[in-house]
Amino acid sequence: MTQRILLIYTGGTIGMMEDPRSGSLVPLDFDHILEHVPELNRFRVQLGVHAFAEPMDSSDAEVAHWQEIAGIIRDQYTAYDGFVVLHGTDTMAYSASALSFMLSNLAKPIVFTGSQVPIGRIRTDGKENLITAVEIAAARRDGSPVVQEVCICFQAHLFRGNRTMKYSTEEFDAFRSPNCPPLADIGIHIFYMHDGLIRPAGPFTVDSRMDTRVGILKVFPGMQEDMLRAVLLDSGLKGIILETYGSGNAPRIPWFIRLLEEALRNGLVVVNVSQCAEGFVEQGRYKTSQDLARIGVTGGADMTTEAALAKLMHLLGQELTIEEVRRQMVADLRGELRTFSSR
Ligand code: ASP
């Protein structure tokens, strides 16, 4: 049976060209990509295309764009067997994370890809990435799609979307998934890690509600009380991703703990993730994280900042109590974290 794949083109370097006036890269429409990848017509898949009315640089991505992608997938879910999302690399990990939470019980692949070099340049990586992404979206085993989750296909790997971070501005292999092995290794063959792939546990649903009253706060030596107060108490935020040192450590200076404690008492959800790419948060391992556990900071295990932020927006967007948001932040909803039996 011919697979039906929908390409959702949002923009990104893959479809960009230099603006003759400014010399900066700007996104062009989808025809520009088709023109450079005639191979797409040779695939034994039936391709549909849905292009954003205004293709964007992904640095301009907003929650409304994630909701637009989710809406397209919801509306076309039964008409297609798989989806390829062409997207800029800068915020691809955020978008893939957000989509992973918006879409539950996926039984079809959602494959994000893009490129480091525009498709019109001779050394482009876009052609290869796009062709591989379509192949993965169309792959089947025993009559079902091989991949049934949101992932990122880039160069040599297929990664779980909500485990991925953009790692390099320079390498063709631009992404890493430090805490989760690749879902597939891409070379001459595509080797899938079948045992590690997520499978649906119920009917497919879409919930794209997101609460944007969230922030990311990176702890640094020399941080000042006024800045912390403004963010924690005077900003109207509902949730904060606190990027701490190492395995979840932060300064023990009394005003730091006091302000956090007050914010938590006011109902702010504070999620502790590490500034290290690899490893996990273990509150209480050091004295410098004991207080965080005691006052009710939520340990974010081995989540990426991107996944933690998208998850927090998603959970705060539901009609949940604060306790429930805090509880679900540490639960494995879409393979975004591993639960550790630490203190
Ligand atoms: N600025 C571009 C974007 O994120 C970078 C890229 O696509 O590689 O849209």
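The sections below set out a description of the structure shown in this document. (Residues numbered from 1 in each chain as written. Predicted model: local features only at pLDDT ≥ 70, side-chain atom pairs only at ≥ 80, totals over all residues. Heavy atoms only, no water.)

1. Regarding the site of the ligand
Right, on to step 1. Neighbouring residues of the ligand: G12, T13, M16, D57, S58, G88, T89, D90 and S115.
Right, on to step 2. In this structure, an oxygen atom belonging to the ligand sits 2.9 Å away from a side-chain N or O atom of T13.
Right, on to step 3. For the ligand, an oxygen atom lies 2.5 Å from a polar atom in the side chain of S58.
Right, on to step 4. Coverage of the ligand by the protein amounts to 91% of the 270 Å² it exposes when considered alone.
Right, on to step 5. Its residues placed into classes, the shell around the ligand shows one nonpolar, six polar and two charged. (Near = heavy atom within 4 Å. Polar contact = N/O pair within 3.5 Å; in protein donor to acceptor, adjacent residues only side chain to side chain. Areas by Shrake-Rupley, 256 points an atom, 1.4 Å probe, with all protein chains shown as cover. Nonpolar A, V, L, I, M, F, W, Y, C, P; charged D, E, K, R; others polar.)

2. Side note on the sheet that holds strand 14 (residues 184-186)
Right, on to step 1. One open sheet accounts for eight strands, arranged 4-1-5-7-10-11-14-15; its pairing is mixed. Strand pairing shows two members of the sheet lacking a second neighbour, strand 4 (45-56) and strand 15 (190-192), which therefore form its edges. Going across the sheet, the axis of each strand differs from the next one's by a mean of 20 degrees, ignoring polarity.
Right, on to step 2. Where strand 14 lies against strand 15, three bridges are found, and the strand directions are antiparallel. Its bridge partner lying in strand 15, A184 is registered against Y192.
Right, on to step 3. Against the sheet, helix 4 (residues 126-138) touches strand 1 (3-11), strand 4, strand 5 (82-86), strand 7 (110-113), strand 10 (150-154), strand 11 (157-160), strand 14 and strand 15, its axis set at about 160 degrees to strand 5. (Pairing = 2+ DSSP bridges. Helix = DSSP H or I, 4+ residues; strand = E, 2+ residues; numbered from the N terminus. Axes fitted to C-alpha atoms, helices over the stretch in contact; angles between N-to-C directions. Contact = heavy atoms within 4.5 Å.)

Treat this as a map of the structure, not an account of what it does.
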